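Understanding the architecture of this molecule
Below are the chains, spelled out letter by letter.
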Amino acid sequence: MSEPIIDEDELNDWIHENLETGGFSAWVNITKWDEEGLRPKEIQVTLSYKTGDGIDQPYGDTPPDDSIAEALRNAGFDVEFDGIMHYGYYCPKCEENLHYGEENYDEQEVAICPKCGSELEEELGSKWIYGYKTIKLKGMETAEEIKKLIEKAIGEVV
Ligand SMILES: [Zn+2]
């Protein structure tokens, strides 16, 4: 009985121990095998970016969504967003961000700007940003070559 040349656990351990993934978590799934189930034919690379900590406190003052999504798309990843992160308020007239607690309220309990009295917009982002990329293989690649392809796909984003 032959063994597969590599499996998901080996690849994910290797990613974890060897690759610099910046602010992302990275992992792979083997989504297609050859007929014998020995060589991967297709690998999906997932990069996930969490925009805040466990209690939904965002890491930044403004949502990083656009720049992260752009970096992923430029590297050929499909992008998905999940969850909602609250960043505070934005006054469209003053063009300023406000932290929660700095706002005032009108008689209708609508949040308004303490400087100009304009109605505030709430600044929202997503909690997680995911990028997915499928690597198609010929089924001839060695484990080492597969790792190189994964490293290249992740390296184009990070
Ligand atoms: Zn204002």
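Going by the structure above, here's the rest.
Rules of the game
Residues numbered from 1 in each chain as written. Predicted model: local features only at pLDDT ≥ 70, side-chain atom pairs only at ≥ 80, totals over all residues. Heavy atoms only, no water. Core = buried A, V, L, I, M, F, W, Y, C linked by side-chain atoms within 4.5 Å. Buried < 20%, exposed > 50% of the residue type's maximum accessible area, 1.4 Å probe, protein only. Helix = DSSP H or I, 4+ residues; strand = E, 2+ residues; numbered from the N terminus. Contact = heavy atoms within 4.5 Å. Pairing = 2+ DSSP bridges. Axes fitted to C-alpha atoms, helices over the stretch in contact; angles between N-to-C directions.

The subject of this paragraph is the nonpolar core. Counting 27 residues, the largest nonpolar core has Leu11, Ile15, Ile43, Leu47, Leu72, Ile150 and Ile154 as its most contacted members. Within the residue set of this core, elements represented by two or more residues are helix 1 (8-18), strand 1 (24-33), strand 2 (40-50), helix 2 (65-74), strand 9 (128-136) and helix 3 (143-155). Those residues in contact with Ile154 that lie beyond four places of it in its chain are Ile15, Leu19, Glu20, Thr21, Ala26, Val45 and Leu47. Formed by six residues, the second largest nonpolar core is a distinct cluster that contains Tyr89, Leu98, Cys113 and Leu120.

Here we have four strands laid out as an open sheet, ordered 1-2-9-3, and antiparallel in their pairing. Edge positions in the sheet fall to strand 1 and strand 3 (78-82), since each of these pairs with one other strand and no more. Across this sheet, the average inter-strand angle for adjacent strands is 20°, counted without regard to direction. Strand direction decides the pairing type here: strand 1 and strand 2, joined by nine bridges, are antiparallel. Across the sheet, residue Trp27 finds its bridge partner in strand 2, namely Thr46. Strands strand 1 and strand 2 of the sheet are contacted by helix 1, whose axis makes an angle of about 155° with strand 1. Contacts from helix 3 reach strand 1, strand 2 and strand 9 within the one sheet, and its direction differs from that of strand 2 by about 30°.

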